[in-house]
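# Commentary on secondary and tertiary structure
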Amino acid sequence: MRTPLGTIGKGRRGISAAGWALRGAAAGAAGTTALNAVTYLDMTVRGRPTSSTPELTVEKLAEKAHVPIPGDEETRRNRVQGLGPITGLVAGVGFGVVVGLVRAAGYRPQPLVGTLLTTLGVLIAANGPMTVLGITDPRTWSGADWASDIVPHLAYGAVVKTTMDAFDLP
């Protein structure tokens, strides 16, 4: 069934839910690469530092889960710095799986709608836990803060949507 927002139905491909989940994971990995590239380009152009929120998230999650991060001060700091970016990879690939499962259910949004829905979803997946943990509060962000967060997530949304659509070509 065609709607102004997209198509709902299984399509012609006969791909299983697991197949779409794997395709979603691949699309999420591609989207995460785009997000990281746009973020690093922004850091280069504006001369801004990396965000400490991924590392703070790791610290807070370890504390809440009562799971110590082992090592002396330097080793522990290095582990936290390594784990921080992994949280972003998990969010990006994980949300790609969600997009794949939505595709498996038969929803194929129009390009702009799909890009915006994917962007909104990954913004919530990435920033929601940090907000709940008290690491950040988007209500206090400046315009520049929002731009440095939304633009890379839009790149993620566009790449995931385009990749998923490419997987669905005959």
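Residues numbered from 1 in each chain as written. Predicted model: local features only at pLDDT ≥ 70, side-chain atom pairs only at ≥ 80, totals over all residues. Heavy atoms only, no water.

- Per an unreviewed UniProt entry, the chain goes by DUF1440 domain-containing protein and derives from Geodermatophilus africanus.

### Some remarks on the packing of aromatic side chains
- Throughout the structure, instances matching the rule amount to one aromatic pair.
- Arg23 extends its terminal NZ or CZ atom over the ring of Trp20, reaching a point 5.7 Å from the ring centre.
- The side chain of Arg103 reaches across the aromatic face of Trp20, ending 5.8 Å from its centre. (Phe/Tyr/Trp six-rings, centres within 6.5 Å; stacked < 30°, edge-to-face > 60°. Lys NZ or Arg CZ within 6 Å of the ring centre and 35° of its normal.)

### Looking at the UniProt feature "transmembrane region" (unreviewed entry) in the chain
- According to UniProt, the positions carrying the feature "transmembrane region" (unreviewed entry) are residues 86–106 and 112–135.
- Taken end to end, residues 86–106 comprises 90% helix and 0% strand; its first and last C-alpha atoms sit 30 Å apart.
- Annotated as 88% helix and 0% strand, the span residues 112–135 places its first and last C-alpha atoms 31 Å apart. (UniProt positions renumbered as here; feature names shortened; annotations may be inferred. Helix = DSSP H or I, 4+ residues; strand = E, 2+ residues; numbered from the N terminus.)

### Focus: the nonpolar core
- Among the nonpolar cores identified, the biggest contains eleven residues, and these are Ile15, Trp20, Ala27, Leu35, Phe95, Val99, Ala104, Val122, Tyr156, Val160 and Met164.
- Listing elements by their share of this core, those giving two or more residues are α1 (17–46), α3 (73–104) and α5 (143–167).
- Look past the residues within four positions of Val160 in its chain and what remains in contact with it is Ala27, Gly28, Gly31, Val99 and Thr118. (Core = buried A, V, L, I, M, F, W, Y, C linked by side-chain atoms within 4.5 Å. Buried < 20%, exposed > 50% of the residue type's maximum accessible area, 1.4 Å probe, protein only. Contact = heavy atoms within 4.5 Å.)

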